[in-house]
Amino acid sequence: MTTKDSSTKFARIALILAAGYGERIGKNGLPKQYRRLGGRPLLCHSLQCFLTHERIDAIRVVLNPSQRPLYEEALEHLQSQENLLDPVEGGATRQQSARAGLESLESLAPDVVLIHDAARPFVTHEDIDACLEALAHSKAVTPSIPLADSLKQYDDGVLRHTPRDSYRLALTPQGFNFADLLQAHRDLADSSFSDDAALIECAGIPVTSIEGRRDNFKITFVEDHLRAEIMLNSQAHPRTGFGYDVHRFTSGACIRLCGVDIPFEKSLAGHSDADVGLHALTDAVLGAVSAGDIGMHFPPSDPRWQNSDSGIFLKHAVHLADQEGFCIHHVDITLICEAPSLAPHRDAMREAVAGILNIDVSAVSIKATTTEGLGFLGRGEGIAAQAVANLSPKAVP
Ligand code: CTP
Ligand code: MG
């Protein structure tokens, strides 16, 4: 946390509860708050939403100490960590985790605190706004939704009907007067409530209901995770990236183009293998996921990349795209030079690129052209390449 010094008043702080084990989703795989959703750990979705909300002054995650490396890894997926406080360790129950988070905020003494389940990735700025607005008139606020299905009491295999109209399901973020909630937690430390609204109600403070959204559901079972992936997928748009590169000729007997060695009376100069086609394509893939350019990831000043196979660069870009939830759908490369003639090598180059990208060769287009003798390319001083990469949101597993 860098932006505010310790003397700064934090009026509104959010706690994200992420210390559970996610037992109901199953023990195979990561705890649910760190499972991938849209290419990022699930926790990142709600965390990002709070971090980018202008009226939330600081955010703290309550984590499970055994999951600290997963938390550290998740942070790498955030665009900014501004206003993120150091995490604190939670307890064996949700109530204990919330208490630990609240105790850790005592010295900061915010006016209000919002408590959110890390397992609800679809929280929006509007949800946070609604909570903050209602807190202006109430000491405890909870979003709730009516029941869609009939409500029954279950008793040893027998169902007893219960009229549902007066019942609601409670969601998060729930908002509270900080001092009141901390006091309620201290007073009721021996209880085990499933949310903070229940606890503060027990302490005698009425809970104001605000309209919740069904899409702000909690990922609890495997089916919820699948539904979340489908929702994200339908929201995600395809991406296009463009890349351009030039390498000059130097003395030699062979050039490497799009992963293929082509005999020629010269070579291409460069720190790596100077594969101008793969460099342009790497930049196109990086561009599609806004991940910078090839020089940022593989600086020419780094001796590790001397004479390196440029396929490594392209594979790294594909890996980054995969992490962001995208796969390569189609690429189109244009190579520009007077010589050598590239048509005889086109199919080999397409095969090589398809192999690196692990896609069908029909999704790889390679074209060649000249500049009609004009300019530096026309004078035969080097080769240029342009590339376009089309990426699609990854299919739901
Ligand atoms: N939580 C927590 N500390 C706990 C238990 C839960 O911080 N000891 C958090 C969870 O990480 C989750 C939220 O509270 O973000 C809601 O709890 P729940 O959905 O029950 O998550 P889990 O307890 O992890 O899941 P399960 O009950 O299936 O084990
Ligand atoms: Mg639980």
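Cut-off values and rules
- Residues numbered from 1 in each chain as written.
- Chains lettered and ligands numbered in written order.
- Predicted model: local features only at pLDDT ≥ 70, side-chain atom pairs only at ≥ 80, totals over all residues.
- Heavy atoms only, no water.
- Helix = DSSP H or I, 4+ residues; strand = E, 2+ residues; numbered from the N terminus.
- Rg over C-alpha atoms; globule rule 2.2 N^0.38 Å.
- Buried < 20%, exposed > 50% of the residue type's maximum accessible area, 1.4 Å probe, protein only.
- Contact = heavy atoms within 4.5 Å.
- Areas by Shrake-Rupley, 256 points an atom, 1.4 Å probe, with all protein chains shown as cover.
- Lys, Arg positive; Asp, Glu negative; His and termini not counted.
- Charge placed at Lys NZ, Arg CZ, Asp CG, Glu CD.
- Near = heavy atom within 4 Å.
- Polar contact = N/O pair within 3.5 Å; in protein donor to acceptor, adjacent residues only side chain to side chain.
- Nonpolar A, V, L, I, M, F, W, Y, C, P; charged D, E, K, R; others polar.
- Pairing = 2+ DSSP bridges.
- Axes fitted to C-alpha atoms, helices over the stretch in contact; angles between N-to-C directions.
- Phe/Tyr/Trp six-rings, centres within 6.5 Å; stacked < 30°, edge-to-face > 60°.
- Lys NZ or Arg CZ within 6 Å of the ring centre and 35° of its normal.
- Salt bridge = Lys/Arg side-chain N within 4 Å of Asp/Glu carboxyl O.
- Arc of directions from axis to C-beta.
- Parallel < 35°, antiparallel > 145°, perpendicular 65-115°, else oblique.
- Left-handed = near helix turned anticlockwise from the far one by under 90°.
- pLDDT = per-residue confidence, 0-100.

A.B. asks: Just to check I follow, could you spell out the overall build of the chain for this structure?
C.D. replies: Regarding its fold elements, the chain presents 12 helices and 19 strands. The C-alpha atoms of the chain give 28 Å as radius of gyration, which overshoots the globular expectation for 397 residues (21 Å, by more than 25%). Considered along the principal axes of its C-alpha atoms, the chain spans approximately 85 × 55 × 35 Å. Buried positions account for 48% of the 397 residues belonging to the chain. Considering only residue pairs separated by 6 or more positions, the chain has 72% of its internal contacts joining residues 24 or more positions apart. Counting every atom, the chain has about 19200 Å² of accessible surface; 50% of that belongs to carbon and sulfur. Of note, the chain has its 36 positive side-chain charges centred 3 Å away from the centre of its 51 negative side-chain charges.

A.B. asks: Looking at this structure, how should I read the site of ligand 1?
C.D. replies: Around ligand 1 lies a shell of 19 residues, among which Gly22, Glu23, Arg24, Ser97 and Lys218 are the nearest. Here a nitrogen atom of ligand 1 sits 2.6 Å away from a polar atom, N or O, in the side chain of Ser97. For ligand 1, whose unbound accessible area comes to 560 Å², protein coverage reaches 88%. At the level of secondary structure, the elements contributing two or more residues to the shell around ligand 1 comprise strand 1 (12-18) and helix 3 (94-104). Residue composition of the shell around ligand 1, grouped by class: seven nonpolar, six polar and six charged.

A.B. asks: Got a minute to help me understand the sheet that holds strand 18 (residues 364-369) in this structure?
C.D. replies: In a beta sheet, neighbouring strands pair by backbone hydrogen bonds and run either parallel or antiparallel. Within the open sheet, the five strands sit side by side as 16-13-19-17-18. Their pairing is mixed. Each edge of the sheet is formed by a strand with only one pairing partner; in this case those strands are strand 16 (266-268) and strand 18. For this sheet the average axis-to-axis angle between neighbouring strands, irrespective of direction, equals 25°. Taken together, the three bridges between strand 13 (residues 239-251) and strand 16 define a ladder with antiparallel strand orientation. When the sheet's bridge partners are listed, Phe249 is paired in strand 16 with Leu268. Helix-sheet contacts for helix 11 (residues 346-357) involve strand 17 (326-336) and strand 18, and the interaxial angle to strand 18 is about 140°.

A.B. asks: Could you clarify how one ought to interpret the packing of aromatic side chains in this entry?
C.D. replies: Scanning all chains against the criterion turns up five aromatic pairs. With 5.7 Å between their ring centres and 45° between their planes, Phe122 and Phe217 make a pair best called tilted. Linking Phe122 in the loop between strand 6 (112-117) and helix 4 (125-135) with Phe217 in the loop between strand 12 (208-211) and helix 7 (222-235), this pair joins segments that are 95 residues apart in sequence. The exposure class assigned to Phe122 is buried, which follows from its relative accessible area of 9%. Seen in terms of ring centroids, Phe298 and Trp305 are 4.8 Å apart; in terms of plane orientation they differ by 85°. Their pairing is edge-to-face. An aromatic cluster is present here, built from Phe298, Trp305 and Phe313 joined pairwise through their rings. For the cation-ring pair, Arg227 lies above Phe217, with the distance from its terminal atom to the ring centre recorded as 3.7 Å.

A.B. asks: What is the right way to look at the pattern of salt bridges in this model?
C.D. replies: It is possible for side chains bearing opposite charge to pair when their charged atoms get close. Per the counting criterion, the structure on display carries 20 salt bridges. Of the charged contacts in the structure, one is a salt bridge between Asp117 and Arg94, with a shortest N-O distance of 2.9 Å. Here Asp117 is found in strand 6, whereas its partner Arg94 is found in helix 3, with 23 residues between them in sequence. Using a relative accessible area of 8% as the deciding quantity, one classes Asp117 as buried.

A.B. asks: What exactly am I supposed to notice about the environment of Glu201 here?
C.D. replies: Mapped onto the secondary structure, Glu201 falls in helix 6 (residues 196-202). In this structure, the C-alpha to C-alpha distance between Glu201 and Ala140, residues 61 residues apart in sequence, is 8.6 Å.

A.B. asks: How should I be thinking about helix 4 in this particular structure?
C.D. replies: In an α-helix, one turn spans 3.6 residues; hence positions three or four apart end up facing the same way. The set of residues buried in helix 4 consists of Asp127, Ile128, Cys131, Leu132, Ala134 and Leu135. End-on, the buried residues of helix 4 take up no more than an arc of 165°, which puts them together on one face. The secondary structure elements touched by the buried residues of helix 4 are strand 1, helix 1 (42-51), strand 6, strand 7 (140-146), strand 11 (174-177) and strand 12.

A.B. asks: I'm lost on the packing of helix 3 against helix 5 (residues 178-187) in this one. Help?
C.D. replies: A pair of packed helices is captured by two measures, namely the crossing angle of their axes and the spacing between those axes. Between helix 3 and helix 5, whose axes approach to 10 Å, the crossing angle comes to 130°. Between helix 3 and helix 5, the angle falls in the class oblique. Handedness of the crossing formed by helix 3 with helix 5: left-handed. Seen from helix 3, the contacting residues are Gln95, Ala98, Arg99, Leu102 and Glu103; seen from helix 5, they are Phe178, Leu181, Leu182, His185 and Arg186. Tallied by class, residues from the contact of helix 3 with helix 5 come to five nonpolar, two polar and three charged.

A.B. asks: I'm lost on the confidence of the model for the chain in this one. Help?
C.D. replies: Close inspection of predicted coordinates is inappropriate in any region flagged by low pLDDT. For the chain, the mean per-residue pLDDT works out to 95, and 97% of the residues sit at or above 70. Here residues 1-6 is a poorly scored stretch, pLDDT under 50, and it has nine contacts once near neighbours within four places are set aside; other chains count.

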